[in-house]
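Residues per chain are reported as follows:
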Amino acid sequence: MTLTLYSMPSSGNSYKPRLMLALLGREYRHVALEFETLELAQAHATGTLPMGKLPVLVLDDGTALPESNAILCYLAEGTDWLPNDPLERARVLGWMFFEQNRHETVIAVRAGIQKYASRAHLATPERLAELLESGHSVLQVMEDHLRDHDWLVGDRPSVADIALYAYTHTAGSQGGFDMERFPAINKWLAQVAALPGYVGLNELPK
Ligand SMILES: N[C@@H](CCC(=O)N[C@@H](CS)C(=O)NCC(=O)O)C(=O)O
């Protein structure tokens, strides 16, 4: 099956499927659409992005699948990355909902308003302080869990780990969060980075 992934190089949401595809050892065509570029504006104008956001995975019959965590589940179906057991699967989904609802909305947002020029006006001292505090409490939820568990669900990595790795691994460098507070998260980040086939955020497919 020929897969095409439209993804934004600088974005954690887009990094999730790039990392998943690399860990699965799957070939795909990559179309990079960076934030605030003419190419992205054209993709919006031509309806390439069904929900108006990246990433989008296009299957060989032309079906376009948006939403990073939905793409992860699609790619992982039938592999060890997505458990078959209903309770285990629900736990994986629970962490992925946590990622979109509580984690990305704070961790990625604090990074984004400092990184992208068009969002700089949002980076007021008050907003940055508020996001710092709420981000540390979100990271503490992960820390408390990972203190007693090697992986987010079960005894092996799952799509939940990929979903949460994306913005957590740059939470210190891009978001300005104090990662020294979170030794269990740091150990887990190193485990993900050591997985066979791992690629970094900036390692785009040729
Ligand atoms: N919930 C979506 C969020 C996707 C999203 O917000 N994508 C941003 C980059 S992180 C985007 O496409 N921005 C470009 C734009 O809005 O034009 C997902 O997980 O895929």
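Residues numbered from 1 in each chain as written. Predicted model: local features only at pLDDT ≥ 70, side-chain atom pairs only at ≥ 80, totals over all residues. Heavy atoms only, no water.

Novice: Looking at this structure, how should I read the packing of helix α1 (residues 12-24) against helix α3 (residues 68-76)?
Specialist: Here α1 crosses α3 at 10°, and the two axes come no closer than 8 Å. Viewed along their axes, α1 and α3 adopt a mutual orientation that is roughly parallel. Regarding α1 and α3, the two cross each other, and that crossing is right-handed. Counting all contacts with α1, which are made through N13, K16, P17, M20, L21 and L24, the residues of α3 involved are S68, N69, I71, L72 and L75. Across the contact of α1 with α3, the residue classes tally to seven nonpolar, three polar and one charged. (Axes fitted to C-alpha atoms, helices over the stretch in contact; angles between N-to-C directions. Helix = DSSP H or I, 4+ residues; strand = E, 2+ residues; numbered from the N terminus. Parallel < 35°, antiparallel > 145°, perpendicular 65-115°, else oblique. Left-handed = near helix turned anticlockwise from the far one by under 90°. Contact = heavy atoms within 4.5 Å. Nonpolar A, V, L, I, M, F, W, Y, C, P; charged D, E, K, R; others polar.)

Novice: Can you walk me through the domain arrangement of the protein chain in this structure?
Specialist: You'll often see interface size given as the accessible area lost when the parts meet. Looking at the assigned domains, one finds that the protein chain contains domain 1 (4-76) and domain 2 (86-193). In this assembly, 18 residues from domain 1 lie in contact with 16 residues from domain 2. Interface area, domain 1 with domain 2, both sides summed: about 1400 Å², of which 63% is carbon and sulfur. The tally of links between domain 1 and domain 2 comes to one salt bridge. Of the charged contacts, one joins E99 and K16 as a salt bridge, the two residues approaching to 3.0 Å between their closest N and O atoms. The tally of links between domain 1 and domain 2 comes to nine residue pairs in polar contact (both at pLDDT 80 or more). It is α1 that contributes the most residues to the side of domain 1 that touches domain 2, seven residues altogether. Here the side of domain 1 that touches domain 2 is composed, by residue class, of nine nonpolar, six polar and three charged. (Domains from an automatic or database assignment. Buried area = accessible area lost by both parts, 1.4 Å probe. Salt bridge = Lys/Arg side-chain N within 4 Å of Asp/Glu carboxyl O. Polar contact = N/O pair within 3.5 Å; in protein donor to acceptor, adjacent residues only side chain to side chain.)

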